[in-house]
Amino acid sequence: MPIVMTQKEWSRINKWAHPDHEDPEVARRREYVKYLNASSREMTKNWPNSLENVNKRNEELRQARIDAAEQANTKFYKRYLKNKKEEQERLMYSARDVVFKNRDAPKLLLSAVIETAVQKERIEQLKFLEERRREEAARKRAEDDDIIRKAKEWHELMATRRKRRFDANKQHQKDILEQAHEVSERNRIEHETELNLQKLDNIKANKEMAAIKEFDENFKEQEKARIFSDMERAKEECAQRRRVQAARDRMDDRLIEVLLRSRATIERRRKQTEIDTKNEKLRVLEAISAKLESGDADREAKDQAILNKAIKEKNDADEARREADRRKREGFKKDRQASRQKFLKDEEQRLHEFNTMRQWEIMNRFKNAELYEDFQEHLRAEKERKIKEYREDILRLWKERDDREARERAESRYFYGELAERKIRDSDNKLLTHAAHLLDECKELGRPDFALHRAIESYCKMHRLYPMPDLPTSMQEHFKRYSPWDGTKPDADYVEPPLPPPKQPEGFDNESTTDLTEKRAGLQEPPTAGASKPATSNAEKPSEDYKRAGPANGLQRRNLQTTNPLPAIKVLPCKNPDCKCELKPK
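Participant: Quick rundown of the overall build of the protein chain? Include the residues and the values.
Facilitator: If you tally the helices and strands in the protein chain, you get eight helices and zero strands. Listing every helix and strand of the protein chain by position from the N terminus yields α-α-α-α-α-α-α-α. Here the contacts in the protein chain between residues at least 6 apart in sequence split such that 62% fall between residues at least 24 apart. Approximately 52300 Å² of the protein chain is accessible, and the part contributed by carbon and sulfur atoms is 56%.

Participant: How would you summarise the side chain of Arg447 if you had to cite specific residues and measurements?
Facilitator: By the secondary structure assignment, Arg447 is in the loop between α5 (296–445) and α6 (450–462). Although Arg447 lies buried, it forms no salt bridge, and the closest oppositely charged side chain, Glu441, sits 4.2 Å away as judged by the N-O distance. Not counting chain neighbours up to four residues away, the residues in contact with Arg447 comprise Val113, Thr116, Ala117, Lys120, Glu441 and Cys442.

Participant: With reference to specific residues and values, describe a nonpolar patch on the surface.
Facilitator: A cluster of nonpolar residues, Tyr32, Val33, Tyr35 and Leu36, forms a patch on the protein surface that exposes about 390 Å² of accessible area. Tracing the backbone through its elements, the reader meets Val33 in helix α2 (residues 24–43). Judged by its relative accessible area of 34%, Val33 is partly exposed.

Participant: Account for the nonpolar core, naming residues and giving values.
Facilitator: With 17 residues, the main nonpolar core has Leu109, Ala112, Leu431, Leu438, Leu452, Ile456 and Tyr459 as its most contacted residues. Ranked by the residues each element gives to this core, the list is headed by α6, at six residues.

Participant: Give me the lowdown on the confidence of the model for the protein chain, citing residues and values where you can.
Facilitator: When pLDDT is averaged along the protein chain, the result is 78; 80% of the residues meet or exceed 70. Confidence drops under a pLDDT of 50 for residues 582–586, and excluding neighbours within four residues, the segment shows 11 contacts in the predicted structure.

Participant: Describe the side chain of Asn429, naming the residues involved and giving the relevant values.
Facilitator: In this fold, Asn429 is placed in helix α5. Take Asn429: its relative accessible area is 2%, and that puts it in the buried class. Polar contacts involving the side chain of Asn429 include one to the side chain of Asp491, which spans 3.2 Å. Excluding residues within four positions of it along the chain, Asn429 makes contact with Pro490, Asp491 and Tyr494.

Participant: Can you tell me about a positive patch on the surface, naming the residues and giving the values?
Facilitator: Where like charges cluster on the molecular surface, the positive patch consists of Arg161, Arg162, Arg164 and Arg165. Mapped onto the elements of the fold, Arg161 is located in helix α4 (residues 104–293).

Participant: Describe the pattern of salt bridges, listing the residues and the values that go with them.
Facilitator: Inspection of the entire model under this criterion finds 36 salt bridges. As a salt-bridge pair, Arg233 and Asp230 come within 2.6 Å of each other at their nearest N and O atoms. In this pair, Arg233 and Asp230 both sit in helix α4, three residues apart, roughly one turn of the helix. What makes Arg233 partly exposed here is its relative accessible area of 43%. By relative accessible area, which is 27% here, Asp230 ends up partly exposed.

Participant: Tell me about a negative patch on the surface, residues and numbers included.
Facilitator: The grouping of Glu214, Asp216, Glu217 and Glu221 at the surface amounts to a negative patch. Mapped onto the elements, Glu217 comes out in helix α4. On the basis of relative accessibility, which here comes to 45%, the residue Glu217 falls in the partly exposed class.

Participant: Which residues make up the packing of aromatic side chains, and what values do they have?
Facilitator: The way to describe two aromatic rings as a pair is by their centre distance and the angle between their planes. This model, assessed by the stated rule, comprises three aromatic pairs. With centroids separated by 6.1 Å and ring planes inclined at 20°, the aromatic side chains of Phe76 and Tyr80 adopt a geometry described as stacked. With Phe76 and Tyr80 both in helix α3 (residues 51–101), this residue pair falls four residues apart, about one helical turn. The exposure class of Phe76 is buried, given its relative accessible area of 15%. Aromatic side chains Phe215 and Phe219 sit 6.4 Å apart centroid to centroid with 20° between the ring planes, which places their arrangement in the stacked category. In this pair, Phe215 and Phe219 both sit in helix α4, four residues apart, roughly one turn of the helix. Overall, Phe219 belongs to the partly exposed group, its relative accessible area being 46%.

Participant: Could you give an account of α6, naming the residues involved and the relevant values?
Facilitator: Here α6 contains 13 residues, and its C-alpha end-to-end distance of 18 Å stays within 8% of the 18 Å for a straight helix at 1.5 Å per residue. Phi for Arg464, located one or two positions after α6, is positive at around 55°.

The rules behind each value
- Residues numbered from 1 in each chain as written.
- Predicted model: local features only at pLDDT ≥ 70, side-chain atom pairs only at ≥ 80, totals over all residues.
- Heavy atoms only, no water.
- Helix = DSSP H or I, 4+ residues; strand = E, 2+ residues; numbered from the N terminus.
- Contact = heavy atoms within 4.5 Å.
- Areas by Shrake-Rupley, 256 points an atom, 1.4 Å probe, with all protein chains shown as cover.
- Buried < 20%, exposed > 50% of the residue type's maximum accessible area, 1.4 Å probe, protein only.
- Lys, Arg positive; Asp, Glu negative; His and termini not counted.
- Salt bridge = Lys/Arg side-chain N within 4 Å of Asp/Glu carboxyl O.
- Patch = residues over 30% accessible without salt bridge, like charges linked within 9 Å, V, L, I, M, F, W, Y side chains within 5 Å.
- Core = buried A, V, L, I, M, F, W, Y, C linked by side-chain atoms within 4.5 Å.
- pLDDT = per-residue confidence, 0-100.
- Polar contact = N/O pair within 3.5 Å; in protein donor to acceptor, adjacent residues only side chain to side chain.
- Charge placed at Lys NZ, Arg CZ, Asp CG, Glu CD.
- Phe/Tyr/Trp six-rings, centres within 6.5 Å; stacked < 30°, edge-to-face > 60°.
- Expected span 1.5 Å × (residues − 1).

Now the structure itself:
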């Protein structure tokens, strides 16, 4: 869309279009603002309560708190790792001991120990039962003597009681006879009185029965008379209902007749009304037609004038429409001519650009062919290089696999050979040492050790630990260095692994406890674990234990008595002569 403007306005707009243009007033204002900012920053640089210095001081305090928290975290973590390592060592020893005790051979020894304990308990039980039988026999003799003495006393007491009871029964019999005589006399008198009363009751009962019989006869006669009167009254009521029903039927017939006559009258009057209405409509239409016939001439003249006027208006509108169509066709013709001229110019420009682009495409085609040949050559060289690298990688991997398989074979031979034999012998030494401890314990506690010897012999036979028989005399001269190996005893150089020091709780008396080896031997259980964390002394409760103060997020506050205080901030006086602040030296 074209815009019309003066040369002055166009120059002003064109001046602002240059990117390096800047208003001098704006540049001066920006330099002045920079100067004010630099002056303000220089003036407030040494103020202790300025925003920058306050933020700097707060950052130093925050960094000091973070460093203190990090030191506390580091110290706590080291202590935590140390405790965890000790606990892990105890757990590993306990786990190894549990694994050792859960094997078949230690279970066999445990069964033998249980059997020895049961045998000892059985012997003690037999001794106890013998002592109980002796005590029972003595107690039985004492009880028999006591029972015989009490029986004599009881018989004497019973004889005295029988004599006293005989005398008392004699006196009681006499009293009972006297009382029976008195009771019989009283019963005779009461019986005679009861008979007299029964005679009087019978006389009264006969009188009452006669009265009841007479009342029943009178009641029956009255009931018959009442029933007869009720039947007569019902018969009269039935006749009365029949008469009323007949009267109602006659009344209904008369009402239906009246209703039919009324409907006929209404229908007749309705038809007459319709005929009268129709006649009235015809009369009104005839009157209107007569009135309209008198004004037809005036109405036709008026209609003709209106028709002429409408025809004229229609002709004028058609003429105006034809003129507008003509002007519109002329405008369309000019537009088509202008668009044709524009199309010709565009087509000429397109052909020029097409020819130019075709030349560039031909040149680029030759260039692309050269580049494609170079690319193919590069691909062939890259493929040869990759094939060579792949061959080298295959050879290297082949050699690594051979070395790894050889190493794995050597490790397998070592694991299933020398190492396996050493581990088996270590387990045998550990078990035989454990069995020796159990035998010593049986001797100390006085338990029979036949079951333990049988378990050890069974284990030695199962694992072929007994020495082989001597060679024949004819072969001994060829195997002079041969000596039968006895594996039923631990090796001379075998040392039992030491027990880890148990973590005792606070106030635990070491003198009152037994050795851990004795606790783990036989049927006894190891000591129960104490507190999970021993109580620390007052010297080992520093403020670094941040868990009591809050989470380890680096924001814990430290007591100034326990942490290193920060260096004091030196406040410098204001050096601006124009400033009126309180920090200016007086």
